[in-house]
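Single-letter residue listing:
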Amino acid sequence: MKGYVFSALERIWEFRIQDASRRLLTGPDALKGIQQWLGRGMGPRVALFILRAASVAVFLLLLQLLLRAVRRRRRLVASWKEFGQKLGDLGLEPRHRALVRKLASRECPNNPSHILERSEVFERAVDRYMRPFCSAGPGEGPRRASDTVGILRAKIGLGSHSGMVYYSSRELRRGQDVEVRGAEQGQGPICLGTVGEQRADFLHLAGLSAVPDDLAGTAVEVVFYDEGRAYGFATKVVGMGSSSCLLTHTLGVRRAEARQSHRVAVNKPVTFRAGWEAADIEREGTLRDLSLGGLALVCPCYYEEGEALVVRFRPSAYVSPERAAREDALEDREIRGTVVQMGTVEGGRCLYRIEFSDADAEERRYLFRLVHEVELAAQE
């Protein structure tokens, strides 16, 4: 049945091309004017020859266009057939298959399989599909649509992010640590939290600490780290709970350099050693400032750029006694960094800029909490 329909479409298309060609070649006004002009300037045989040559050229051009259209139609039919086969292998329910077809027809009609193979295409299609549901805020409708998209994401195999590029905030994994900042440039952290359940309607953050009462409805900036790289995006808070919130999703996740992360002043003693020195060696310096991406250390001039240093953090020295005595207080920890810049300060000492470019996920979470605790201590 499908083959008959496409064959009929090709015949109709061919008829239209031939009809257009016939009208062009026998157009009463334009062609007669050309014929009269040629007849006055040269012999009738030469004029007739030129007209026939021009007609043949136009015919060949139209024939080429027709053949291209037929090939394009056949490729399109083949791509949708292939897409249907891949879709059948996923074992989706009929309503879910219908939704995937709808997403593909809107986002990539010429290459429908891209919806199953390319994360950027899938995320764009989902964002366009979810936008009408989420326009009125959180509710039962957006949540049902989110559950459906979650089923598709898992079946297609796009349930978790992998790689260096994020195409959507919907790719953030459950348990991912994030920092919520003010939307204006230079504003410090507002609160710290983790991604809760992965939802397609709104970004769910849980375990928030020290959340302001007036955070709902405000524009914010979300920053997170993945494999040593910093990412961020602008969003809006649309719902609040006791220690959770909902944010609007966005396709505007961008890459940022670790050194651009928010820095907090510390100016407290710290101990450290070179990566090649014994573990019981402790050299003393001053921790001038700290960020998720690195720190500034003032000490005698021991080391050079490119050298690895192991810094031992003692959070109890940077926060109030009340915070240090809590059950969930951070413990002491060593984190390795690399000297990326050095200069001299008063007294002939050196100012080292150290970057945590090789910190793992657990170390990133530790730094997230430590920076936030120092920031809160400064505000008290």
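Just so it is clear, the structure is predicted and the values come from calculations on it, not from any experiment.

A separate point is the pairing of strand S4 (residues 219-226). Along S4, 7 of the 8 residues are buried, which leaves the element largely enclosed by surrounding structure. Here 5 bridges tie strand S1 (residues 177-182) to S4, and the two strands are oriented antiparallel to one another. If you follow Val180 over to S4, its bridge partner there is Val222. Judged from the 8 bridges that link them, S4 and strand S5 (residues 229-240) form a sheet pairing that is antiparallel. Counted as the bridge partner of Asp226 is Arg229 from S5.

This next bit is on a positive patch on the surface. Judged by side-chain charge, Arg68, Arg71, Arg72 and Arg75 come together as a positively charged surface patch. With respect to the helices and strands, the residue Arg71 is situated in helix H3 (residues 44-89).

Going through the model one piece at a time under the given rule, you end up with 1 disulfide. Across the disulfide from Cys301 sits Cys350; the S-S distance is 2.0 Å. Taking the sign of the torsion about the S-S bond as the criterion, the disulfide between Cys301 and Cys350, at about 100°, is right-handed. In this pair, Cys301 sits in the loop between strand S10 (294-299) and strand S11 (308-313) while Cys350 sits in strand S13 (residues 350-355), placing the two residues 49 residues apart along the sequence.

This part is about the packing of helix H4 (residues 94-107) against helix H6 (residues 119-134). The axes of two packed helices give the description: the angle between them and the distance between them. It is at 10 Å that the axes of H4 and H6 come closest, and there the two elements cross at 100°. As far as their axial angle goes, H6 and H4 are roughly perpendicular. Contact residues: H4 offers Leu99, Leu103, Arg106 and Glu107, while H6 offers Val121, Arg124, Ala125, Arg128 and Tyr129. A class-by-class count of the residues in the contact of H4 with H6 yields 5 nonpolar, no polar and 4 charged.

Further remarks concern H4. Residue pairs three or four apart in sequence face the same way in an α-helix, which turns once every 3.6 residues. With 14 residues, H4 should reach 20 Å at 1.5 Å per residue; the first-to-last C-alpha distance of 20 Å fits that figure. Along H4, the residues classified as buried are His96, Leu99, Val100, Leu103, Ala104 and Glu107. What you see down the axis of H4 is that its buried residues fit within an arc of 135°, all on one side. In H4, those exposed residues whose orientation departs by more than 90 degrees from the buried face are Pro94 and Arg95.

Looking now at the packing of aromatic side chains. Under the definition given, this model contains 10 aromatic pairs. The interplanar angle of 85° and the centroid separation of 5.4 Å between the aromatic rings of Trp80 and Phe83 together place this pair among those described as edge-to-face. In this pair, Trp80 and Phe83 are both assigned in helix H3, 3 residues apart and thus about one turn of the helix distant. Its relative accessible area of 23% is what places Trp80 among the partly exposed residues. Measuring from centroid to centroid gives 6.3 Å for Tyr303 and Tyr352, while their planes differ by 55°, and the two rings are tilted. Here Tyr303, found in the loop between S10 and S11, pairs with Tyr352, found in strand S13; they are 49 residues apart in sequence, far enough to count as distant. A relative accessible area of 0% means that Tyr352 is categorised as buried. Site record: aromatic cluster; members linked through ring pairs are Tyr166, Phe224, Tyr231 and Phe233. Between the NZ or CZ atom of Arg283 and the centre of the ring of Tyr302, over which it lies, the distance is 4.9 Å.

Attention shifts here to the side chain of Glu221. Within the element layout of this structure, Glu221 appears in strand S4. With a relative accessible area of 14%, Glu221 lands in the buried category. Not counting residues up to four positions away in its chain, the partners in contact with Glu221 are Glu179, Val180, Arg181, Gly182, Ala183, Gly232, Phe233, Ala234 and Arg254.

Compared with the 22 Å implied by 1.5 Å per residue over 16 residues, the 21 Å span of H6 between its first and last C-alpha is a close match. Three or more residues of H6 are buried, namely Val121, Phe122, Glu123, Ala125, Val126, Asp127, Tyr129, Met130 and Cys134. Looking at the packing, one finds that the buried side of H6 touches H4, helix H5 (114-117), helix H7 (140-156) and strand S3 (202-206).

The next subject is the pairing of strand S8 (residues 264-274). Where S8 and strand S9 (residues 283-290) come together, 7 bridges link them in antiparallel fashion. The residue bridging Phe272 from the neighbouring strand is Arg283, located in S9.

Turning to its location among the elements, Pro315 is positioned in the loop between S11 and helix H8 (321-324). Its relative accessible area of 6% is what places Pro315 among the buried residues. Linking Pro315 and Val371, residues 56 residues apart in sequence, is a C-alpha distance of 9.8 Å. Among all residues touching Pro315, those that are not within four sequence positions of it are Leu330, Glu331, Asp332, Tyr366 and Leu370.

Membership of the largest hydrophobic core comes to 34 residues, with the highest contact counts inside it found for Leu290, Leu295, Leu297 and Phe313. Where this core is concerned, the elements lending two or more residues are S4, S8, S9, S10, S11, strand S12 (333-344), S13 and helix H9 (361-379). Ranked by the residues each element gives to this core, the list is headed by H9, at 6 residues. Residues contacting Phe313, with those up to four places away along its chain left out, are Leu287, Leu290, Leu295, Tyr318, Asp332, Arg333, Ile335, Phe356, Tyr366, Leu367 and Leu370. Ranked by size, the runner-up nonpolar core spans 25 residues in total, among them Leu99, Ile115, Met130 and Cys134.

Analysis parameters
- Residues numbered from 1 in each chain as written.
- Predicted model: local features only at pLDDT ≥ 70, side-chain atom pairs only at ≥ 80, totals over all residues.
- Heavy atoms only, no water.
- Buried < 20%, exposed > 50% of the residue type's maximum accessible area, 1.4 Å probe, protein only.
- Helix = DSSP H or I, 4+ residues; strand = E, 2+ residues; numbered from the N terminus.
- Pairing = 2+ DSSP bridges.
- Patch = residues over 30% accessible without salt bridge, like charges linked within 9 Å, V, L, I, M, F, W, Y side chains within 5 Å.
- Areas by Shrake-Rupley, 256 points an atom, 1.4 Å probe, with all protein chains shown as cover.
- Salt bridge = Lys/Arg side-chain N within 4 Å of Asp/Glu carboxyl O.
- Lys, Arg positive; Asp, Glu negative; His and termini not counted.
- Charge placed at Lys NZ, Arg CZ, Asp CG, Glu CD.
- Disulfide = S-S within 2.5 Å.
- Axes fitted to C-alpha atoms, helices over the stretch in contact; angles between N-to-C directions.
- Parallel < 35°, antiparallel > 145°, perpendicular 65-115°, else oblique.
- Contact = heavy atoms within 4.5 Å.
- Nonpolar A, V, L, I, M, F, W, Y, C, P; charged D, E, K, R; others polar.
- Expected span 1.5 Å × (residues − 1).
- Arc of directions from axis to C-beta.
- Phe/Tyr/Trp six-rings, centres within 6.5 Å; stacked < 30°, edge-to-face > 60°.
- Lys NZ or Arg CZ within 6 Å of the ring centre and 35° of its normal.
- Core = buried A, V, L, I, M, F, W, Y, C linked by side-chain atoms within 4.5 Å.

Purely spatial values, then, with no claim about function.
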